[in-house]
Amino acid sequence: MTVPRWSYRYVGPADLRSLVRPGGGGQSIRSPADFGEWASPRTAEELSEPFTFVVDQTLALRIAPRRSEHVVCAGGEAVLCAGEISFREESGRWTVDEVSNQSTGYCPDVSSWPALAEALDQAGIARPSGFTHEVVFRRCPACQQLNIVREEDFVCVFCDAALPPEWNVDWPGR
């Protein structure tokens, strides 16, 4: 699979970026053994909850507790994909249960899926063919506010201006 190497810079609040600490990023998962080591100490209750994830510039999946900030999980760096993910064990193998690109700190486009797919394949985690829940982010060209597009209604919820059909949250980051 050829993965576009577009990256997403952090576009969220500056005060959350200040939470980033050296060595404090999410757990890097590059292989089935890495995932096994990460999952084994977790309780069934903890594993039933979604986790924060990013795919870093090296195509490593990085995982942190759900209420973690994506920018902290990423160590403050740009990412290839970000969102929330949950897992289940099925016939002795880990698989993605649900996954979204919901990250208001990075606002990744739905086209970021191939990077996550490659990271999951590398980690030996079975996956769906795409996000189970897609979030469409757009920046309003009139008022510059970030929007989540719902039901394909490309209208700014802040000023009623038309939103573009293509991703535009952070063009300089592309």
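Here we summarise the structure given alongside this text. The model shown is predicted, which means the values in this text are computed figures rather than measured ones. (Residues numbered from 1 in each chain as written. Predicted model: local features only at pLDDT ≥ 70, side-chain atom pairs only at ≥ 80, totals over all residues. Heavy atoms only, no water.)

1. Here's the deal with the side chain of S112
Line of reasoning, step 1. Within the secondary structure layout, S112 lies in the loop between β5 (93-100) and α5 (113-122).
Line of reasoning, step 2. The class of S112 is buried, set by a relative accessible area of 4%. (Helix = DSSP H or I, 4+ residues; strand = E, 2+ residues; numbered from the N terminus. Buried < 20%, exposed > 50% of the residue type's maximum accessible area, 1.4 Å probe, protein only.)

2. Structural notes on unusual backbone geometry
Line of reasoning, step 1. One non-glycine residue with positive phi stands out, namely S91, at about 55°.
Line of reasoning, step 2. Tracing the chain through its elements places S91 in the loop between β4 (81-90) and β5.
Line of reasoning, step 3. The class for S91 is exposed, based on a relative accessible area of 80%.
Line of reasoning, step 4. One non-glycine residue, Q144, lies in the positive phi region at around 70°.
Line of reasoning, step 5. Along the chain, Q144 turns up in the loop between β6 (136-139) and β7 (146-149).

3. A look at the pairing of strand β2 (residues 51-55)
Line of reasoning, step 1. Buried residues dominate β2, accounting for 5 of its 5 residues.
Line of reasoning, step 2. By the alternation rule, side chains of β2 split into F51, F53 and V55 and T52 and V54, which are all buried.
Line of reasoning, step 3. Pairing analysis gives 5 bridges linking β2 to strand β3 (residues 61-65), with the strands arranged antiparallel. Opposite V54, over in β3, you have R62 as the bridge partner.
Line of reasoning, step 4. As judged from the 5 bridges shared by β2 and β4, these two strands associate in the antiparallel manner. (Pairing = 2+ DSSP bridges.)

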